[in-house]
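So you can see what is in the structure, the chains are spelled out below.
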Amino acid sequence: MQLYISPSMRQVTVFPGKGVREFIKVKVTSRRLSRKMVIYSLLFLTFLLRFIFVLTAMDTIDGETRCSSLGCIGKRLDPRMWRRLDSVRVPEEIYQVLEEAENQEAMPRADVPQTLEAFVAEMKSNRSDAKTFALRLKAMVSMMEHKTRVAKIQEYLYRHVASSSIPKPLHCLALRLAQEHSTNAGARLQLPAPERVPALVDPGLYHFVLASDNVLAAAVVAASLVANAFRPAAVVLHVITDRKTYAPMQAWFSLHPLAPAVVEVKALHHFDWFTRGRVPVMEAMERDRAARSQFRGGSSAIVASVSEKPIVVAAKLQALSPKYHSVMNHIRIHLPELFPSLNKIVFLDDDVVVQADLSPLWDIDLQGNVNGAVETCRGADKFVMSKRLKSYLNFSHPLISENFDPDECAWAYGMNVFDLDAWRKTNISVTYYHWVQKNLESDLSLWQLGTLPPGLIAFHGHVHVIDPYWHMLGLGYQENSTAADAEKAAVIHFNGRAKPWLDIAFPEIRPLWTKYLDFSDKFIRACNIRA
């Protein structure tokens, strides 16, 4: 903007801008000043005063505050406004202190404020500067992080001990049933009854397989399966157990029949295939057990590590769980040999509860695949349903990275539909043991946790994805799932450490499991098993 005043002071011309032809002329008489003249005069004086102030005060401002920006003028004009702006900025000195490497000897832990209230009180009483504030805050947060890490690791250790041990009530139940088996002929009944034996090989019935050495868990799975079946007479449950649990298991199902369903109880040594010569599953388990007994130096060495994150410590402790070298956990890879007369089965883990009729699973077309399973990379619960191959396999190892895609979706064990006819046409079992051997040779560096990783590899390319309604996971290692959500699923799975028969189970969802136990039963009462 340009301002031109005539020598006679009778005309003021204001040019809006450079290159703009239009301008405003204001004529002023000596007798009377017009309103426009007053407005433009004030405008002129405003601009003039601004630049005069800048030119005369800049040197003084720079000398006192060492500031050369125009913003310093504003600080002179209204210090209260700038003080408010400065108060919302974190001083750079605090960032420098927080980013410095922590000096373990800088401050004894006893001198660090133990609570936020103590910290605030100290800062108020001492009127500390920014550096002292940052140092004390950093010391307090570091101490809290250390305490939190120790507490989390202790929690994981206690959960590992609790989940790896046999609870006294379960041990009591097994002993009482074994005694009943030896003294009561009614606890040694042939299962199933002779007239129902043909049902064991009838392909027109619904065959379920359960492998377990836990009598109480197997009782809940069987009771929930039969209770929710539309046609219980068409249900055939094959219970597989080990030699030591066979007597208690047979006693339980002899004394607690689930008629009209058919229940068979067999120990591994009752299968002809298992007693013939070389048994790959037993050889693999012996090698796996020996390797895991020295894995990472055992639980004491794992917990003593000061550099590992708690979540990593938890994963390493979980790798030591006895279930990962239990034959019950690996026997599913031999289902075609164990049941040569069957063409299709549903395999159930012993930590599931059936809440709906499962007969529609036989109507699912697996499209030539062997394994019908629920994927674990898609779903509303991002904590549970976010598992891909990289969640289970070590892709830093070339054997894994060269053969598999880390972002490929994983699937779940626990409730699986197996087409045994299609399985017999593949080399899935051979592939399974090949990779188990590779993992042992690499000091368990291909994966750490038991049967799912080699299962993901062995069944690779042979899996048909089924609706998530059929199998809800994660009820044993997180408590985000509500009872209302869990009740909507056909099968709920307490996979994880917090098994429903343990005291560490999540109380909100545990009743979904306990509802299938009769707490008035004399064996349940005698062993103090409570709801």
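As the structure is a prediction and not an experimental result, all values here were calculated from the model. (Residues numbered from 1 in each chain as written. Predicted model: local features only at pLDDT ≥ 70, side-chain atom pairs only at ≥ 80, totals over all residues. Heavy atoms only, no water.)

**Points about the overall build of the protein chain**
So, point 1. Along its length, the protein chain carries 22 helices and twelve strands.
So, point 2. Long-range pairs, those at least 24 residues apart, make up 70% of the contacts in the protein chain between residues at least 6 apart in sequence.
So, point 3. As presented, the protein chain carries roughly 28,700 Å² of accessible surface, and 55% of it is formed by carbon and sulfur atoms. (Helix = DSSP H or I, 4+ residues; strand = E, 2+ residues; numbered from the N terminus. Contact = heavy atoms within 4.5 Å. Areas by Shrake-Rupley, 256 points an atom, 1.4 Å probe, with all protein chains shown as cover.)

**Looking at the state of the cysteines**
So, point 1. A complete count under the given rule lists two disulfides for this structure.
So, point 2. Sulfur-sulfur distance for the disulfide between Cys172 and Cys527 comes to 2.2 Å. Taking the torsion about the S-S bond as the criterion, the Cys172 to Cys527 disulfide, at about -75°, is left-handed. A residue pair is termed long-range when its members are at least 10 positions apart, and Cys172 in helix H7 (residues 168–183) and Cys527 in the segment after helix H22 (522–526) qualify at 355 residues.
So, point 3. Among the residues examined, Cys527 registers a relative accessible area of 4% and is labelled buried.
So, point 4. Across the disulfide from Cys377 sits Cys409; the S-S distance is 1.9 Å. (Disulfide = S-S within 2.5 Å. Buried < 20%, exposed > 50% of the residue type's maximum accessible area, 1.4 Å probe, protein only.)

**Description of the environment of Ser386**
So, point 1. Position of Ser386 among the secondary structure elements: in the loop between strand S9 (371–373) and helix H16 (398–401).
So, point 2. Separated by 24 residues in sequence, Ser386 and Ala410 have C-alpha atoms that sit 8.8 Å apart.
So, point 3. If near-sequence neighbours (up to four positions away) are discounted, Ser386 is found in contact with Thr376, Cys377 and Ser391.

**Some details on a nonpolar patch on the surface**
So, point 1. There is a patch of nonpolar side chains on the surface, built from Val38, Leu42, Phe44, Leu45 and Leu48 and spanning about 410 Å² of accessible area.
So, point 2. Summarising the element assignment, Leu45 is placed in helix H1 (residues 35–65). (Patch = residues over 30% accessible without salt bridge, like charges linked within 9 Å, V, L, I, M, F, W, Y side chains within 5 Å. Salt bridge = Lys/Arg side-chain N within 4 Å of Asp/Glu carboxyl O.)

**Considerations on the packing of aromatic side chains**
So, point 1. Under the definition given, this model contains twelve aromatic pairs.
So, point 2. Note on Tyr206 and Trp362: the rings are 5.1 Å apart at their centroids and 55° apart in plane angle, and the pair reads as tilted. Of the two residues, Tyr206 is situated in strand S4 (residues 206–211) and Trp362 in the loop between strand S8 (352–354) and S9; the sequence distance between them amounts to 156 residues. Like Tyr206, the residue Trp362 is buried in the burial classification.
So, point 3. Ring centres of Phe418 and Trp423 lie 5.2 Å apart, and the angle between their planes is 50°; this geometry places the pair in the tilted category. Across this residue pair, the class does not change: Phe418 and Trp423 are buried.
So, point 4. Ring pairs connect the aromatic residues Trp411, Tyr413, Phe418, Trp423 and Phe459, which therefore count as one cluster.
So, point 5. Residue placement shows Lys266 over the ring face of Phe271; its charged tip is 4.3 Å from the ring centre.
So, point 6. Above the ring of Tyr413, the side-chain terminus of Arg332 is found at 4.1 Å from the ring centroid. (Phe/Tyr/Trp six-rings, centres within 6.5 Å; stacked < 30°, edge-to-face > 60°. Lys NZ or Arg CZ within 6 Å of the ring centre and 35° of its normal.)

**Section: the confidence of the model for the protein chain**
Parts of the model with low pLDDT should not have their predicted coordinates read in detail.
So, point 1. Averaged over every residue, the pLDDT of the protein chain is 81; the share at 70 or more is 72%.
So, point 2. Per-element mean pLDDT across the protein chain ranges from 48 in strand S3 (residues 24–27) up to 98 in S8.
So, point 3. Counting contacts from residues 19–24, a segment whose pLDDT is below 50, to residues more than four positions away or on other chains yields nine contacts. (pLDDT = per-residue confidence, 0-100.)

**Examining helix H9 (residues 243–255)**
So, point 1. Burial analysis of H9 places ten of its 13 residues in the buried class, the great majority of the element.
So, point 2. Buried within H9 are the following residues: Thr245, Tyr246, Ala247, Pro248, Met249, Gln250, Ala251, Trp252, Phe253 and Ser254.
So, point 3. Residues of H9 that are buried sit in contact with H7, helix H8 (215–227), strand S5 (235–241), strand S6 (262–267) and H22.

**What to know about the pattern of salt bridges**
So, point 1. This structure, assessed with the given rule, holds six salt bridges.
So, point 2. Two residues, Asp351 and Lys499, come together in a salt bridge whose shortest N-O distance is 2.5 Å. Of the two residues, Asp351 is situated in the loop between strand S7 (344–348) and S8 and Lys499 in the loop between strand S12 (491–493) and helix H21 (511–514); the sequence distance between them amounts to 148 residues.
So, point 3. Of the residues examined, Lys499 reaches a relative accessible area of 10% and is grouped as buried.

**A few points about the packing of H7 against H9**
So, point 1. Where H7 meets H9, the closest approach of the two axes is 8 Å, and the angle between their N-to-C directions is 75°. The orientation of H7 relative to H9 falls into the category roughly perpendicular. Note on element contacts: H9 touches H7 through Ala247, Pro248, Gln250, Ala251, Trp252 and Leu255, opposite Leu173, Ala174, Leu177, Ala178, Glu180 and His181.
So, point 2. Of the residues in the contact of H7 with H9, the class split is nine nonpolar, two polar and one charged. (Axes fitted to C-alpha atoms, helices over the stretch in contact; angles between N-to-C directions. Parallel < 35°, antiparallel > 145°, perpendicular 65-115°, else oblique. Nonpolar A, V, L, I, M, F, W, Y, C, P; charged D, E, K, R; others polar.)

**Some thoughts on H8**
So, point 1. In this model, H8 (13 residues) spans 18 Å end to end at C-alpha, consistent with the 18 Å of a helix rising 1.5 Å per residue.
So, point 2. Judged by how many residues are buried, H8 sits mostly within the fold: twelve of 13 residues are covered.
So, point 3. Considered for burial, the residues of H8 that qualify are Val215, Leu216, Ala217, Ala218, Ala219, Val220, Val221, Ala222, Ala223, Ser224, Leu225 and Val226.
So, point 4. The N-cap of H8, judged by a side-chain oxygen 3.1 Å from the amide nitrogen of Leu216 a few residues on, is Asn214. (Expected span 1.5 Å × (residues − 1). Polar contact = N/O pair within 3.5 Å; in protein donor to acceptor, adjacent residues only side chain to side chain.)

**Section: the side chain of Ser254**
So, point 1. Tracing the backbone through its elements, the reader meets Ser254 in helix H9.
So, point 2. Of note is the side chain of Ser254, whose polar atom sits 3.5 Å from the backbone nitrogen of Leu189.
So, point 3. Discounting chain neighbours no more than four positions away, the residues touching Ser254 are Gly186, Ala187, Arg188, Leu189 and Leu191.

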